[in-house]
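In case you want the letters, here they are:
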Amino acid sequence: MLKKHEKEVYHALRSDLNKSEHEAYTTEIGFLYSEIDFTLKNLMNWMEPTKVTAPITHKGTKNYIVHEPYGVSLVISPWNYPLQLALAPAIGAIAAGNCVVIKPSEHARATSSLLASMIKRTFDPSYITVIEGEKETNQELLRQRFDYIFFTGSTEVGKIVMKQASTHLTPVTLELGGKSPAIVDKDANINLAAKRIVWGKFTNAGQTCVAPDYVYVHEKVKFKLLKAMKKYIKSFYGKEPLNNPDYTKIINERHFERILGYLTDGTLLHGGNAEKQSLMIEPTILDKISWEDSVMQEEIFGPVLPVLSFTNVEEAVEMISKQEKPLALYYFGENIKTQEQVIQYLSFGGGSINDTIFHLANPHLPFGGVGNSGMGQYHGQSSFKTFSHQKSILKQSTKFDVPFRYPGSKLGKAVIKRIMK
């Protein structure tokens, strides 16, 4: 289906977000191709019953776990990666044997319409179907009884989804967001750190749930990092990003105005220009930011990067630990001991050492949040497990019957005490 309609997908993503063909392929279509290939290659093994061992009290039994589909799954997807985040969970759902209802975001209208058309022409509607609509459609869907709900979006809406799901005790996966930090230590490779932070932050104009939300940099290397980041912004997007035909736009006017509101915080170090007609905001760096500024109160979800500094990494880790648990965390530094301290001390969904967002592209790594950034995981085998109920089976022998578990036997009581203590 994707191969047949690939050109239409490029057109829809260009219409909704002004995504270039390169970005559309690497972050949406190509990602889905890889996920499908990986699933097809490994699905037979994932589906096999998993044999488990048993204690001596269960001698003569066979014990295993059967992976059973939940039934009908609801996938509610967001607008920032409107194709990938609608279909990636659906791949796991159908691999596990479920039927799927997909509710795409109404804000990415062209992709939503194309997705509905493609699915309708390709699949039986009783197997996979797309239901389009506004907020009221979401509300009506959540009133229905599904067997599993998979939601990607904001923490605020995630709470509503979970509350509605509780009516029918429906299990949920919530892929939310948060303020994902990029910590740059004094021993980091500054040039590479700047390059990878700029790429991770400004891909899709910062409208990525795992984009570095802010940079927390050691004061000794702050000047070098800022200089290098400005260099790579110009290298990637040109001296005038607003005139770059391949620079992604903000999804709608409401988000455009919300992001512009952050530009009054701190000191404007780079960028800051915007064009309302095209809904574009330049890659922007804000300096002299404090934790009290509005830009540090919620996930930015746009091309604005605030920068804070620290004098030692313990101070940075302590401050981050006081915030809500982020979906991702990125640490740049060469000291292996410090890398491990950051990983062990801070709680976050997943992340990278000396890179940003690249961990998403490995299907062997489960992706998901923790605490305020979500619950549950997917990608690769984790998607199959998410949409599967693990049914435990004990197959007992009828060739003999061990008597000690039954009441009335003094010898049985002695044996039981000995083997179970």
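Residues numbered from 1 in each chain as written. Predicted model: local features only at pLDDT ≥ 70, side-chain atom pairs only at ≥ 80, totals over all residues. Heavy atoms only, no water.

1. A closer look at the packing of aromatic side chains
Inspection of every chain in the model, using the stated rule, returns 18 aromatic pairs. The interplanar angle of 45 degrees and the centroid separation of 5.0 Å between the aromatic rings of Tyr 70 and Tyr 148 together place this pair among those described as tilted. Placement of the pair is Tyr 70 in the loop between β2 (62-69) and β3 (72-76) and Tyr 148 in strand β6 (residues 148-152), with a sequence separation of 78 residues. Centre to centre, the rings of Phe 123 and Tyr 127 are 6.0 Å apart; their planes meet at 70 degrees, and the pair counts as edge-to-face. Cluster of aromatic residues (ring-pair linked, three or more members): Tyr 70, Tyr 148, Phe 150, Phe 367, Tyr 378 and Phe 387. For Lys 3, the ring lying beneath its charged end belongs to Tyr 33, and the centroid distance is 6.0 Å. (Phe/Tyr/Trp six-rings, centres within 6.5 Å; stacked < 30°, edge-to-face > 60°. Helix = DSSP H or I, 4+ residues; strand = E, 2+ residues; numbered from the N terminus. Lys NZ or Arg CZ within 6 Å of the ring centre and 35° of its normal.)

2. A few points about the UniProt feature "domain: Aldehyde dehydrogenase" (unreviewed entry) in the protein
Here the UniProt-annotated "domain: Aldehyde dehydrogenase" (unreviewed entry) positions come out as residues 2-393. For the annotated span residues 2-393, helix accounts for 38% and strand for 20% of the residues, and the straight-line distance between the end C-alpha atoms is 39 Å. (UniProt positions renumbered as here; feature names shortened; annotations may be inferred.)

3. Concerning the pairing of strand β13 (residues 284-287)
Every regular strand shows the same layout, with side chains that alternate between the two sheet faces. Of the two faces of β13, both are covered, the one formed by Thr 284 and Leu 286 as well as the one formed by Ile 285 and Asp 287. For strand β10 (residues 267-270) and β13, the ladder comprises 3 bridges, and the chain directions are antiparallel. Paired with Leu 268 across the strands is Leu 286, a residue of β13. As paired elements, β13 and strand β14 (residues 304-310) share 3 bridges and run parallel to each other. Following the sheet pairing, Leu 286 is matched in β14 by Pro 306. (Buried < 20%, exposed > 50% of the residue type's maximum accessible area, 1.4 Å probe, protein only. Pairing = 2+ DSSP bridges.)

4. Observations concerning the domain arrangement of the protein
It is common to give the size of an interface as the accessible area that goes away when the parts come together. Domain parsing of the protein yields domain 1 (2-176 + 373-393) and domain 2 (181-361). Here the C-alpha centroids of domain 1 and domain 2 sit 29 Å apart. Regarding the contact of domain 1 and domain 2, the summed buried area is about 1600 Å², with carbon and sulfur atoms giving 50% of it. Among the residues of domain 1 in contact with domain 2, Asn 18, Trp 79 and Ser 373 are the three that bury the most area, contributing 31% of the side total. Across the pair Arg 14 and Asp 246 runs a salt bridge, and its minimum N-O distance is 3.0 Å. Where domain 1 touches domain 2, the interface holds 13 residue pairs in polar contact (both at pLDDT 80 or more). Elements with a minimum of two residues in the side of domain 1 that touches domain 2: α1 (6-17) and α2 (21-47). The greatest single-element share of the side of domain 1 that touches domain 2, amounting to 4 residues, is contributed by α1. Partitioned by chemical class, the residues of the side of domain 1 that touches domain 2 number 6 nonpolar, 8 polar and 4 charged. (Domains from an automatic or database assignment. Buried area = accessible area lost by both parts, 1.4 Å probe. Salt bridge = Lys/Arg side-chain N within 4 Å of Asp/Glu carboxyl O. Polar contact = N/O pair within 3.5 Å; in protein donor to acceptor, adjacent residues only side chain to side chain. Nonpolar A, V, L, I, M, F, W, Y, C, P; charged D, E, K, R; others polar.)

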